[in-house]
Amino acid sequence: MPYLQRIRSKEEIVVPLGKSLTVIGRAESCDVTLEGHSEISREHCAVHSYEDGTVKVVDLGSKNGTWVNGARTFEGCQLKDGDIVRLSRKVEFRFTENEPEMSGMDRDQPSMEEMTIAEDHMPRSPGGRHGTALNVRTPSEDLSAAASHMEKELEQQDFKSIMQKLSEQAKNRPKKKKTEEGGEEYW
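Residues numbered from 1 in each chain as written. Predicted model: local features only at pLDDT ≥ 70, side-chain atom pairs only at ≥ 80, totals over all residues. Heavy atoms only, no water.

1. Thoughts on the packing of aromatic side chains
The test is simple: The pairing test for Phe, Tyr and Trp rings, Trp by its six-membered ring, is centres within 6.5 Å, and the orientation test on the planes gives stacked under 30 degrees, edge-to-face over 60, and tilted for anything in between. Either the NZ atom of lysine or the CZ atom of arginine qualifies as a charge over a ring when it sits within 6 Å of the ring centre and within 35 degrees of the ring normal.
All told, the structure shown has zero aromatic pairs when counted by the stated rule. Residue placement shows Arg86 over the ring face of Trp67; its charged tip is 4.8 Å from the ring centre.

Structure (structure tokens):
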């Protein structure tokens, strides 16, 4: 039976994926409830276990996304043994095909600080369709695609900030005022 094991955490959580659908999020109605994590959506992601043994994780429209091995997944991603599923900066799981050992902090993977440093030094390239590559062990092709997607997200953020500035300017533009003759003039 496949499992998700919480990594880089003091909490030793192992989630058996025996059900066909496992929902993870903050809501009490979820199969796996992660209370106290504001970056996690109420219903963040779903893990589908199929009869043929394949397992797929699907983001449920969460604000911060669901990431597999450093790449943001939009339409779902089939999981392989050892894949890292990240829901936020503080919540990550390792997918295993067999029951994992409970051994405290998992330090065979880089820390979030190490991954953030790696992210800051990631090369940029055009094209690509994946999210930000934070896992320094990701192959270089995936890093290029991830860096490209990150650039696009940053461009969208710049677009949003420009639109906010334009909106503020529009609020401050001169207002029309009715004249005594019934016409309009700006003041």
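2. Side note on the sheet that holds strand β5 (residues 45–49)
Worth spelling out the cut-off: Here a strand pair is declared whenever DSSP counts at least two bridges between the two strands. The helix count covers DSSP runs of H or I at least four residues long, the strand count covers runs of E at least two residues long, and both are numbered beginning at the N terminus.
Pairing is mixed in the open sheet, where five strands are placed in the order β4-β3-β5-β6-β9. Edge positions in the sheet fall to β4 (32–33) and β9 (77–78), since each of these pairs with one other strand and no more.

3. Digging into the confidence of the model for the protein
Worth spelling out the cut-off: The predictor's confidence in any single residue is recorded as pLDDT, a number from 0 to 100. When checking whether two residues touch, look at their non-hydrogen atoms; a contact exists if any pair is within 4.5 Å.
In the predicted model, the protein carries a mean pLDDT of 75, and the fraction of residues at 70 or more is 57%. Within the protein, no element has a lower average pLDDT than helix α1 (residues 112–120), which sits at 45, and none a higher one than strand β10 (residues 84–86), at 97. Here residues 104–141 is modelled with pLDDT under 50, and outside its nearest four sequence neighbours on either side it reaches 83 contacts, counting other chains as well.

4. Some thoughts on the side chain of Asp59
Short version of the rule: Three exposure classes are used, based on accessible area relative to the maximum for each residue type with a 1.4 Å probe and protein chains only: buried under 20%, partly exposed in between, and exposed over 50%. Positive charges come from Lys and Arg alone, negative charges from Asp and Glu alone, with His and the N- and C-terminal ends not counted. Should a side-chain nitrogen of Lys or Arg be within 4 Å of a carboxyl oxygen of Asp or Glu, the pair is scored as a salt bridge. Polar contact is the term for a pair of N or O atoms within 3.5 Å; when the atoms are in protein, one must be able to donate a hydrogen and the other to accept it, and sequence-neighboring residues count only if both atoms are side-chain atoms.
For Asp59, the position within the fold is in strand β6 (residues 55–59). In this structure Asp59 is buried but unpaired, with Arg72 as the nearest side chain of opposite charge at 5.4 Å. Reaching out from Asp59, the side chain makes a polar contact with the side chain of Ser62 at a distance of 2.5 Å. Ignoring anything within four residues of it in the chain, the contact list for Asp59 reads His44, Cys45, Gly65, Thr66 and Thr73.

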